[in-house]
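Reading the structure
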Amino acid sequence: MASTTIKPEHSTIYYIIYSNDLSVLFDGSVDVGNVLTTGQPNVEEFSNEEEMQQRLSVLEAERENKTI
Amino acid sequence: MKIGNLDITNVKIGTTAVSKVFIGSDQVYPNTDSEFIFKINTSLGDGLNRYRFTPSHAGAVNYIIDWGDSSTTVVTSAVSSTHFYSTSGIYEIKINVTSGILNYQLGFNSPDYAKPFIVTNAGTYKPSVFSSAFYCIGGCAGFINIADTFFLSSNSNNCFQSIQILNLNLNLDNCTKLNSAFRATTSTDWSFLLDTDIPLISTMSSMMSHSVNNFDSTTYQLLLIHWTGWNGTTATKSLQSNVPAHFGSAQYEIGGQSEDARNYLTSTLGWTITDGGGI
């Protein structure tokens, strides 16, 4: 499993990380000075929280459909 | 620990000093006090000469509160207990749970959160929910200074958030959630984590986040090796997969075993780790 790294240079980066089957799905933020490393296959980055929340709701709906 | 009436202060196996002794899961040395003990200062917060102990309950519970002024209250079903002191000051409160479930809430969930507390003894009772137990924000100032051990419950999110740790021992064997557990928390020494294992932990999001948190790189490097049981080649301990974990700004050693252990967590177990990168 390859890993992906997020290392903000200028400002906080918001992210959504998820597995291919969406059984793993979580969001968060990384501040300047911190480094995020994940072994999950899907990483999406956002410059603001609103965009992240919009995308997260889409993914959560997708996961809901998969589990129905 | 006592044998008969004799206090045992130096426990050794051969010539090696032993720092803790357990009988089953009960720590009997150091400190044999069964009570949960903390101190409050009535002159702060609302300044009234009273303290309101408001734990959360999950079913029937029986416990005794020693208010520290030679008075006690036996509690059988009340949700909260208020005690009025004759004079303002610092009082040591002891909680002795005799049956049932009692979950402590001394931090912002307590109506008297602004009367700073210092926890001096975990006691032998193990709360079923430890989440937010000592979560200190908004004018709350809490300290932990215990020689015995807290056995954290499955959900221990936010448990020590924003407090100051002077001395702490933890058992995390049954813990699954440590989200924000040490967010904005400072400790004079984080090495107490090196005595823990985390076989059931599934999430540690924001665990060490916030600029105030002072989790150090030396302990972090040792912790990566300890929690994985890294033997130089592979991990020897069982851990959960896909765990998000936040280690603040602590840094692993590039080219060292802590980097190998960290790579194992992310690449093999699918962990998502936030830290200060490598040095």
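The notes below deal with the structure included here. (Residues numbered from 1 in each chain as written. Chains lettered and ligands numbered in written order. Predicted model: local features only at pLDDT ≥ 70, side-chain atom pairs only at ≥ 80, totals over all residues.)

Right, let's get into helix 1 (residues 217–228) of chain B. Residues and elements named next belong to chain B. With twelve residues, helix 1 should cover 16 Å at 1.5 Å per step; its first-to-last C-alpha distance of 17 Å lies within 8% of that length. Looking only at helix 1, the buried set comprises Tyr220, Gln221, Leu223, Leu224, Ile225, Trp227 and Thr228. Elements that come into contact with the buried residues of helix 1 comprise helix 2 (257–268) and strand 20 (272–275). Gly229 lies just past helix 1 and shows a positive phi near 65°. (Helix = DSSP H or I, 4+ residues; strand = E, 2+ residues; numbered from the N terminus. Expected span 1.5 Å × (residues − 1). Buried ≥ 20, exposed ≤ 12 C-beta atoms within 10 Å, placed from the backbone. Contact = placed C-beta atoms within 7 Å.)

Below, the discussion takes up the sheet that holds strand 20 of chain B. Across the sheet, which stays open at both edges, the four strands sit in the order 1(A)-4(A)-20(B)-19(B) with mixed pairing between neighbours. Every interior strand has two partners, whereas the edge strands, strand 1 (4–6) of chain A together with strand 19 (244–246) of chain B, have only one. Between one strand and the next, the sheet's axes are offset by a mean angle of 15°, whatever the strand orientation. (Pairing = 2+ DSSP bridges. Axes fitted to C-alpha atoms, helices over the stretch in contact; angles between N-to-C directions.)

So, on to the interface of chain A and chain B. By a widespread convention, an interface's size corresponds to the accessible area lost as its parts come together. Of the residues lining the interface, 16 residues belong to chain A; the matching set on chain B comes to 16 residues. Looking at the side of chain A that touches chain B, the elements that each hand over two or more residues are strand 3 (25–30) and strand 4 (35–38) of chain A. Looking at the side of chain A that touches chain B, the element that brings in the most residues is strand 4 of chain A, giving four residues. One ladder, built from four bridges, connects strand 4 of chain A with strand 20 of chain B; its direction is antiparallel. What sits directly across from Thr38 of chain A, in strand 20 of chain B, is Thr272 of chain B.

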